[in-house]
Amino acid sequence: MAELPSFLSAKDVGSFAYLTIKDRTPQILTRAIDTLHRHKNEFFENHGEEGVEAEKKAISLLSKLRNELQTDKPIVPLVEDCADTDLWNRHLEYQRSLLSESDGQPSWFRSPWLFAECYMYRRLHEAIIQSPPINDFDVFKESKDQNFFESQESVIALCTHLQELIRTIEDLDENQLKNEFFKLLQISLWGNKCDLSLSGGESSSQKTDIVNSVDDLKRFILVNDMEHLWSLLSKRKKTRKEVSRVYIILDNSGFELVTDLVLADFLLSSKLATEIHFHGKTIPWFVSDTTVRDFNWVITQMKHCNHKWVSRCGVGWENYVRVGRWVYHDHIFWTLPHEYSAMLQVAPDLYAELQKACLILFKGDLNYRKLTGDRKWDFTVPFHQALRGFHPAPLCSIRTLKAEIQVGLQPGQGEQLTASEPNWLTTGKYGIFQFDGPLRCDFGNPAGEKDLGSTFFSPEEQCVD
Ligand SMILES: O=P(O)(O)OC[C@H]1O[C@](O)(CO)[C@@H](O)[C@@H]1O
Ligand SMILES: [Mn+2]
């Protein structure tokens, strides 16, 4: 068997991974320290002197962390006992085992980028939980909320569009329904431009009219498997006897989350799905990723908004959650450093859960890095191959490109882009809908039993009618 390509790593001086570890992560830690400082009075009001002492402790732990990172110290085991501590420390052992004696210890710049970057967010979390009584404080909450408020106009435009669509949805013919599906998919794709870790935590909200920009942006979609998604869901709708679950593995809160919820609403309203299962993060992650608090906060904000259609969305979505047509899940696996090909081994319960889906949508760049193992694949390697056995159900990555990794391109396509735009992989300007899985519609029966790790075929390998 051919050897696997190596991991992206900050040891490649000048690479995007290197610049992230060198510049962006210390900047994120500095902002976290500033945020704690700014909340000092609030900590005092809520907890008295104890709150102020906790703030000092968290700041000193974060400064120490920043120093370890900037001086490329060895990566040390986690100390605080949590549900995931053992898995993290075992993974660190595994990283050690990959190095030869002359390589020394895994360190910030010498480790795989995916591991080092995830570890940074996990250590940041450790600093907070080691500082009671402020151990529940989310240092990124403020910027996530700000992103939502700054995107107000786009949120209004999007909700107005959705409510008008729902009003006439029964009158739409197949083709019109498909066009609307494609439009909302693309809005959800471009919503992924708004993450806050690429900008080092700086504001990155949606200010342009996204509903009317999708046609102009189409030329920036490098892999477009939207037709597969339509074919899968519409076929299933026609033949359906029972539930059709679509899983959305969420990425960023704020505007991106609204685009995902709008898409989720459309999937139910159009009867392309009967249940939506969202997966979020259990801890603050990559600055802007969605936790259960963010999920509930966005819906509540929308419900109380004084704009009629925004509030209509909020009320409807709260109701979907109440009646169980929208289900929110989280799992520690999503904030481990493991690639998804390890899920079956590391989190078999989550793998089994994902097998109940008829389609899984993976939002965002980090999910793509974990799907493909964050390796230096050739641009033309098939997506199916890069997934290395991760096939719980038909799946699609919806991602704007923000890391030096992309598979499944046409021969020459990547090279051409590199020649004309050297930074095409990392600016978020380009996007993909990359699908893997059978186009049969009999998957994802929650009651039906399936073998763990059943073999799937990529669309190229099967007859599609
Ligand atoms: O929110 P997303 O789309 O997963 O993007 C996060 C991306 O931003 C970065 O943190 C930029 O450093 C990438 O490492 C990461 O893949
Ligand atoms: Mn993110």
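Residues numbered from 1 in each chain as written. Chains lettered and ligands numbered in written order. Predicted model: local features only at pLDDT ≥ 70, side-chain atom pairs only at ≥ 80, totals over all residues. Heavy atoms only, no water.

- For the protein chain, an unreviewed UniProt entry supplies the name Sugar phosphate phosphatase and the organism Chinchilla lanigera.
- Its UniProt record gives the protein chain the following Sequence similarities (unreviewed entry) comment, quoted word for word: "Belongs to the damage-control phosphatase family. Sugar phosphate phosphatase III subfamily." (UniProt positions renumbered as here; feature names shortened; annotations may be inferred.)

1. Things to note about the coordination of the manganese ion (ligand 2)
Here's step 1: Coordination of the manganese ion (ligand 2) by the protein is provided by Asp251 (OD), Asn252 (OD1) and Asp289 (OD), with metal-donor distances spanning 2.1 to 2.3 Å.
Here's step 2: For the manganese ion (ligand 2), the single-chain donor residues occur in sequence as D-N-x36-D. Placement of Asn252 in the loop between β2 (245-249) and α11 (255-269) and of Asp289 in the loop between β3 (275-280) and α12 (292-303) is noted, with a sequence separation of 37 residues between them.
Here's step 3: Judged by its relative accessible area of 1%, Asn252 is buried. (Donors = N, O, S within 2.8 Å, 3.2 Å for Na, K, Ca; no water. Helix = DSSP H or I, 4+ residues; strand = E, 2+ residues; numbered from the N terminus. Buried < 20%, exposed > 50% of the residue type's maximum accessible area, 1.4 Å probe, protein only.)

2. Looking at the pairing of strand β7 (residues 431-436)
Here's step 1: With six of six residues buried, β7 is to be regarded as a mostly interior element.
Here's step 2: Neither face of β7 is left uncovered, since the one carrying Gly431, Phe433 and Phe435 and the one carrying Ile432, Gln434 and Asp436 both have all their residues buried.
Here's step 3: As paired elements, strand β1 (residues 221-224) and β7 share three bridges and run parallel to each other. Note that in β7 the partner of Ile221 across the bridge is Gly431. (Pairing = 2+ DSSP bridges.)

3. A few points about helix α1 (residues 16-38)
Here's step 1: Over its 23 residues, α1 runs 31 Å from end to end, which matches the ideal 33 Å to within 8%, given 1.5 Å per residue.
Here's step 2: Along α1, the helix axis deviates most sharply at Arg24, where the bend reaches about 30 degrees; the proline Pro26 sits within four residues downstream. (Expected span 1.5 Å × (residues − 1). Bend = angle between axes of the 7 residues up to and from the residue.)

4. Considering the side chain of Asp84
Here's step 1: Of note, Asp84 is situated in the loop between α3 (49-70) and α4 (85-98).
Here's step 2: Look past the residues within four positions of Asp84 in its chain and what remains in contact with it is Arg122, Ile332 and Leu336. (Contact = heavy atoms within 4.5 Å.)

5. What to know about the pattern of salt bridges
Here's step 1: Applying the stated criterion to the full structure yields 31 salt bridges.
Here's step 2: A salt bridge links Asp86 to Arg90, with the nearest nitrogen and oxygen atoms 3.4 Å apart. Taken together, the positions of Asp86 and Arg90, both in helix α4 and four residues apart, correspond to about one turn of that helix.
Here's step 3: Glu170 serves as the salt-bridge partner of Lys271, at 3.4 Å between the closest nitrogen and oxygen. Here Lys271, found in the loop between α11 and β3, pairs with Glu170, found in the loop between α7 (152-168) and α8 (174-191); they are 101 residues apart in sequence, far enough to count as distant.
Here's step 4: Accessibility expressed as a relative area gives 43% for Lys271, which makes it partly exposed.
Here's step 5: One salt-bridge network, held together by shared partners, links Asp138, Lys141, Lys144, Asp145 and Asp294. (Salt bridge = Lys/Arg side-chain N within 4 Å of Asp/Glu carboxyl O.)

6. As for the environment of Ser131
Here's step 1: When you line up the elements, Ser131 lands in the loop between α5 (113-129) and α6 (141-150).
Here's step 2: For the pair Ser131 and Ile221, spaced 90 residues apart in sequence, the C-alpha separation works out to 45 Å.
Here's step 3: If we skip the residues at most four places from it in the chain, Ser131 touches Ala54, Lys57, Ala58 and Leu61.
Here's step 4: Among the polar contacts listed, one links the side chain of Ser131 to the backbone oxygen of Ala127, at a separation of 2.7 Å. (Polar contact = N/O pair within 3.5 Å; in protein donor to acceptor, adjacent residues only side chain to side chain.)

7. So, empty space enclosed by the protein
Vacant regions in the atomic arrangement are exposed by a probe of water-molecule size rolled over the atoms.
Here's step 1: Applying the stated criterion to the full structure yields three cavities of 30 Å³ or more.
Here's step 2: Estimates place the volume of the second largest cavity at around 50 Å³.
Here's step 3: Lining the second largest cavity are Leu250, Asp251, Lys281, Trp285, Asp289, Trp334, Tyr340, Lys363, Leu366, Asn367 and Lys370. (1 Å grid on protein atoms, 1.4 Å probe; cavity = no way out; pocket = protein on both sides within 12 Å on 5 of 7 lines; lining within 4 Å. Points joined across faces, edges and corners; volume = space filled by probe spheres on them.)

8. Focus: the sheet that holds strand β4 (residues 326-330)
Here's step 1: The seven strands are arranged β1-β7-β6-β5-β2-β3-β4 in an open sheet whose pairing can be described as mixed. Either end of the sheet is taken by a strand with one partner, and the two such strands are β1 and β4. When strand polarity is set aside, the average angle formed by the axes of neighbouring strands in this sheet is 20 degrees.
Here's step 2: The strands touched by α11 are β2, β3, β4 and β5 (359-363); relative to β3, the strand with the most contacts, the crossing angle is about 160 degrees. (Axes fitted to C-alpha atoms, helices over the stretch in contact; angles between N-to-C directions.)

9. Digging into the packing of α8 against helix α10 (residues 226-239)
Here's step 1: Between α8 and α10, whose axes approach to 11 Å, the crossing angle comes to 130 degrees. With respect to their mutual orientation, α8 and α10 come out oblique. As for how α8 packs across α10, the hand of that crossing is right-handed. Only Met226, Glu227, Leu229, Trp230, Leu233, Lys237 and Lys238 of α10 make contact with α8, whose side of the interface consists of Glu174, Leu177, Lys178, Phe181, Phe182, Leu185 and Gln186. (Parallel < 35°, antiparallel > 145°, perpendicular 65-115°, else oblique. Left-handed = near helix turned anticlockwise from the far one by under 90°.)

10. Looking at unusual backbone geometry
Here's step 1: With omega at 5 degrees, the peptide bond leading from Pro132 into Pro133 counts as cis.
Here's step 2: Structurally, the position occupied by Pro133 is in the loop between α5 and α6.
Here's step 3: For Phe286, which is not glycine, the phi torsion reads 45 degrees and is therefore positive.
Here's step 4: Turning to its location among the elements, Phe286 is positioned in the loop between β3 and α12.
Here's step 5: In this structure Phe286 comes out as buried when scored by relative accessible area, which is 6%.
Here's step 6: For Asp374, which is not glycine, the phi dihedral falls at a positive 55 degrees.
Here's step 7: Inspection of the secondary structure assignment puts Asp374 in the loop between α16 (365-371) and α17 (383-386).
Here's step 8: Given a relative accessible area of 1%, Asp374 falls into the buried group.

11. So, the nonpolar core
Here's step 1: With 145 residues, the main nonpolar core has Phe181 and Trp326 as its most contacted residues.
Here's step 2: Counting residues per element, this core draws most heavily on α5, at eleven residues.
Here's step 3: For Trp326, the residues in contact, after removing those within four places along its chain, are Leu261, Ala264, Asp265, Leu268, Ile276, Phe278, Phe295, Ile299, Trp317, Tyr320 and Val321. (Core = buried A, V, L, I, M, F, W, Y, C linked by side-chain atoms within 4.5 Å.)

12. Describing the packing of aromatic side chains
Here's step 1: Applying the stated criterion to the full structure yields 33 aromatic pairs.
Here's step 2: With a centroid separation of 5.2 Å and an interplanar angle of 55 degrees, the aromatic rings of Phe278 and Phe295 are classed as tilted. Of this pair, Phe278 sits in strand β3 while Phe295 sits in helix α12, and the two are 17 residues apart along the sequence.
Here's step 3: Consider the rings of Phe333 and Tyr340, whose centres lie 5.9 Å apart with planes at 40 degrees: the pair is tilted.
Here's step 4: These aromatic residues form a ring-pair network of at least three members: Phe278, Phe295, Trp317, Tyr320, Trp326 and Tyr328.
Here's step 5: Above the plane of the ring of Trp113 lies Arg369, whose end atom (NZ or CZ) is 3.4 Å from the centre. (Phe/Tyr/Trp six-rings, centres within 6.5 Å; stacked < 30°, edge-to-face > 60°. Lys NZ or Arg CZ within 6 Å of the ring centre and 35° of its normal.)

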